Amino acid sequence: MSAPTLRIRDLRLGFKSWSGTFDVLHGISLHIGKGERVALVGESGSGKSVTARIVLGLLQTLRSAKISGLVEFEGRDLAKLSEAERRALRGTRMSMIFQDPTSSLNPVYRISTQFHEVLQRANPRIEPAESRARAEKALADVSIADPARVLDSYPFQLSGGMNQRVMIAMALANEPSLLIADEPGTALDVTVQAQTLRLMREQVERHHASVLFISHNLGVVREFADRVYVIYKGRIAEQGPTAALFDNPRHPYTQALLRAVPRMTGDGIPEIEDASESYFAPTVIHDGYGEPEGVA
Amino acid sequence: MTQPLLSLRSVSKTFHTGGREVKAVDNVSFDVAEGECLAVVGESGSGKSTIANMILGIYPQTIGEISYKGSALPARRDLVHRRSIQLVQQNPLSSLNPRRTIGASLRLALDVHGIGERAGRNDRTGQLLEEVGLPASFRTRSPAALSGGQRQRVAIARALACQSELVVLDEPTSALDVLVQARVLRLLADLRKSRGLTYLFITHDLSVVRNIADRVAVFERGKLVEIGTTATIFEAPNHPYTRKLIAAVPVVTADEVALRKRFMEEANANV
């Protein structure tokens, strides 16, 4: 079997400060196979976004960050790569979609200019005419009816949903093998969010990309992911296939989290007890959904 | 029928921006009964925040009438109305003054409205904190030393400090994590019962609305498209936009998935 797209083993992260080290990740392991959509779900401060930043190689340059453990991307140990090599992966082999599309696009450049820059990451000598043609096609793929007009627009002239589609098109333009989506669509209205998720799902399937989907919104995760890791205070609480994990949560933290979500079927406001020690119970792994063995 | 606490009659609000006229709220009429929780739902640009701002007197309506307990609210509010209608905003970090202690923020509300004896007001701030489930000792802390949920509790305590009757809740739990959200919603429901409060609950989160509101008003682009009891809106919505909105909500249980599927089919059938 070929190596999974992403493999994280016993990842630990601490931030050094004058008063000592503050631990954020306490040894998390996860993997994403080719073409898989995997969600990392947790509350704010659980460590889900820093995990994404480590995968992208962005925290490694921070001197106060103490990182240990293995992060392997397509079989290559990220720690053994130079900063330049990690940089070369970003925007080409791996890309990212952020929560707020409007603030992740540069307001002073037209979409066409920004799209050209994206395509230059993979092919520095690409001609503007060719990149425009490819951009138009990519925008048409994300159901943008009028790609030429969008390319000539500035981000603030487009709606949030439109900007999010532009982001999706850009993120997939260089055929990355891994797409990291950090709370995509949470800043959007529900109807637009639903469309965006559908579109993203369709697009990653077409491009055969794997996805690390980071979210605190359990409903969105249920809709999008094949597999789920629940993270609580820097530890994996439960991992398993989406349907089984939602229908039959086994870890006390996952159970509390799911109980807390108000239901559309209307059962009143849930009673939530205070955070309990049981949230730190060992990881619950659904049968057959453990971490693959492999040479570290 | 008893007199409604708040009533809007043919209210419109037009903004002028860059030489264009934008009708943010278009000929809207509805009542809020005393003691009820009316949810105002809609997507961005639906006019729900504009309605809140007009009710609070932040700016006047262009046309129409807003009346409170049977008498029209003046464009410039007097102290009594400012006291009885209070606001809880989405982000407590920006609605609480970071330079003031929690106690001072609460005390200010008491001072402005001259509530209680001067000497007893500091004790009163402690009681208010306890009412929202926080220890009285939090009086000396600054907002930065509190978590998001705790801060939102302080914002609620401040809205209650001056014996308010109508509380406008503008996305009060959207910025909170789901476990914290559940506790704050529970607190809001309990306070409504114990203090006989009336809520205007503005949100885009329909699953929250389903469990806290008595009635729901659905807005689309400044127009009130549907208003009814929570049960009616969620079980037999009339307007296609309401169905579309319900069908778009991401859900977590199998029962909800089934419910949503039904609405999707109905929404598609109506296209």
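### Quick word on the overall build of chain A
Helix and strand content of chain A: 11 helices and 11 strands. The C-alpha atoms of chain A give a radius of gyration of 20 Å, which matches the 19 Å a tight globule of 296 residues would have. Each principal axis of the C-alpha distribution contributes one length, and for chain A these read about 60 × 50 × 45 Å. Counting only residues that meet the buried cut, chain A has 43% of its 296 residues in that class. For chain A, restricting intrachain contacts to residue pairs at least 6 apart in sequence, the fraction spanning at least 24 positions comes to 69%.

### Concerning the overall build of chain B
For chain B, the helix and strand inventory stands at 11 helices and 10 strands. A globule of 271 residues ought to have a C-alpha radius of gyration of about 18 Å, and chain B, at 19 Å, matches this closely. Reported as C-alpha extents along the three principal axes, the dimensions of chain B are approximately 65 × 45 × 45 Å. Considering chain B as a whole, with its 271 residues, one finds that 45% of them fall into the buried category. Counting only contacts in chain B whose residues sit at least 6 apart along the sequence, the fraction spanning at least 24 positions is 65%.

### Some thoughts on the interface of chain B and chain A
Contacts between chain B and chain A engage 30 residues on the former and 29 residues on the latter. Mapped by element, the contributors of at least two residues to the side of chain B that touches chain A are α7 (178-195), α8 (206-212), α10 (240-248) and α11 (254-269) of chain B. A per-element tally of the side of chain B that touches chain A places α7 of chain B first, with 7 residues.

### Let's talk about the domain arrangement of chain B
Residues and elements named next belong to chain B. Here the domain parsing of chain B yields domain 1 (6-236) and domain 2 (237-271). Taken over C-alpha atoms, the centre of domain 1 sits 28 Å from the centre of domain 2. Opposite the 9 residues of domain 1 that make contact, domain 2 presents 8 residues. Of all the secondary-structure elements, those providing two or more residues to the side of domain 1 that touches domain 2 are α8, β9 (215-220), β10 (223-229) and α9 (230-235). A per-class count over the side of domain 1 that touches domain 2 returns 6 nonpolar, 1 polar and 2 charged.

### Overview of the nonpolar core
Core analysis: the largest hydrophobic core is formed by 156 residues, its most contacted members being Leu212 of chain A together with Leu200 and Phe201 of chain B. In terms of residue count, the dominant contributor to this core is helix α7 (residues 160-173) of chain A (9 residues). For this core, the domains that each give at least three residues are domain 1 (6-236) and domain 2 (237-271) of chain B. If sequence neighbours within four positions are ignored, Phe201 of chain B has contacts with Cys37, Leu38, Ala39, Val40, Leu169, Ile212 and Ala213 of chain B.

### Observations regarding the sheet that holds strand β8 (residues 198-203) of chain B
Residue and element names in this part refer to chain B. Here we have 6 strands laid out as an open sheet, ordered β6-β7-β8-β3-β9-β10, and mixed in their pairing. Taken across any chain shown, the strands that pair with only one partner, and hence form the sheet edges, are β6 (85-88) and β10. On average, adjacent strands in this sheet sit at an angle of 20° to one another, irrespective of strand direction. Examined bridge by bridge, β6 and strand β7 (residues 166-170) share 4 bridges and lie parallel to one another. Residue pairing across strands places Val88 opposite Leu169, the latter belonging to β7. Along the sheet, helix α6 (residues 148-161) contacts β6 and β7; its crossing angle with β6, the most-contacted strand, is approximately 175°.

### Focus on unusual backbone geometry
Residue and element names in this part refer to chain A. In the Ramachandran plot, Glu175 falls in the positive-phi region, its phi being about 50° despite a non-glycine side chain. Tracing the chain through its elements places Glu175 in the loop between α7 and β7 (178-182). Classification of Glu175 as exposed rests on a count of 12 C-beta atoms within 10 Å. One non-glycine residue with positive phi stands out, namely Lys233, at about 45°. As for its placement among the helices and strands, Lys233 is situated in the loop between β9 (227-232) and β10 (235-241). When the 18 C-beta atoms within 10 Å are taken as the criterion, Lys233 is described as partly exposed.

### Considering the packing of helix α5 (residues 128-141) of chain A against α7 of chain A
Residue and element names in this part refer to chain A. α7 packs onto α5 with a crossing angle of 125° between their chain directions and a minimal axis gap of 9 Å. With respect to α7, the element α5 is oriented oblique. With respect to the hand of their crossing, α5 and α7 are arranged in right-handed fashion. Along its contact with α5, which presents Ala138, Leu139 and Asp141, the element α7 presents Val166, Ala169 and Ala173. Considering only residue class, the contact of α5 with α7 consists of 5 nonpolar, no polar and 1 charged.

### Some points on the sheet that holds strand β2 (residues 20-32) of chain A
Think of a sheet as strands paired side by side through backbone hydrogen bonds, with each pair either parallel or antiparallel. Residue and element names in this part refer to chain A. Spatial strand order, β2-β1-β4-β5: 4 strands in an open sheet with antiparallel pairing. The open sheet has two edge strands, β2 and β5 (76-77), and neither has a second partner. Both strand β1 (residues 6-17) and strand β4 (residues 65-73) contribute to a ladder of 8 bridges, which runs antiparallel. Residue pairing in the sheet places Leu6 in a bridge with Phe73 of β4.

### Considering the pairing of β1 of chain A
All names here are of chain A. Here β1 pairs with β2 via 10 bridges, running antiparallel. Across the sheet, the residue bridging to Ile8 is Leu30, located in β2. Between the end of β1 and the start of β2, which pair antiparallel, lie 2 residues.

### Notes on the environment of Ile102 of chain B
The topology assignment puts Ile102 of chain B in helix α4 (residues 102-112). Along the sequence, Ile102 of chain B and Arg151 of chain B sit 49 residues apart, while their C-alpha atoms lie 8.9 Å from each other.

### Re the environment of Phe98 of chain A
All names here are of chain A. With respect to the helices, strands and loops of the structure, Phe98 is situated in the loop between β6 (94-97) and α3 (101-104). C-alpha separation for the pair Phe98 and Asp182, spaced 84 residues apart in sequence, amounts to 5.1 Å. Every residue in contact with Phe98, bar those within four places of it in the chain, is listed here: Ser104 and Asp182.

Cut-offs and rules
- Every chain is numbered on its own, with residues counted from 1 as its sequence reads.
- Lettering for chains starts from A, numbering for ligands starts from 1, and both go in the order in which the items are written.
- Selection of residues for local features in this predicted model requires a pLDDT of at least 70, selection of side-chain atom pairs for listing and counting requires 80 or more, and totals for whole chains, interfaces and linings are taken over all residues.
- A run of H or I in DSSP becomes a helix once it reaches four residues, and a run of E becomes a strand once it reaches two; helices and strands are each numbered from the N terminus.
- Every radius of gyration here is taken over C-alpha atoms, with the globule rule written as 2.2 Å times N^0.38, N being the number of residues.
- To assign burial, the other C-beta atoms lying within 10 Å of each residue's own C-beta are counted, with C-beta atoms placed from the backbone; 20 or more indicates buried, 12 or fewer indicates exposed, and intermediate counts indicate partly exposed.
- Contacts here follow a simple rule: the backbone-placed C-beta atoms of the two residues must lie within 7 Å.
- Here the limits of each domain have been adopted from an automatic or database domain assignment.
- Basically, the charged four are Asp, Glu, Lys and Arg, the nonpolar ten are Ala, Val, Leu, Ile, Met, Phe, Trp, Tyr, Cys and Pro, and anything else, Gly included, counts as polar.
- Here a nonpolar core is just a set of buried residues of the types Ala, Val, Leu, Ile, Met, Phe, Trp, Tyr and Cys, joined wherever their C-beta atoms sit within 7 Å.
- Think of it this way: DSSP has to see at least two bridges between two strands before they count as a pair.
- In this analysis, axes come from line fits to C-alpha atoms, helices being fitted only over the stretch in contact, and the angle between any two N-to-C directions falls in the range 0 to 180 degrees.
- Each angle receives one of four descriptions, namely roughly parallel if under 35 degrees, roughly antiparallel if over 145, roughly perpendicular if within 65 to 115, and oblique otherwise.
- Handedness of a helix crossing follows the sense of rotation of the near helix relative to the far helix, less than a right angle counterclockwise being left-handed and clockwise being right-handed.

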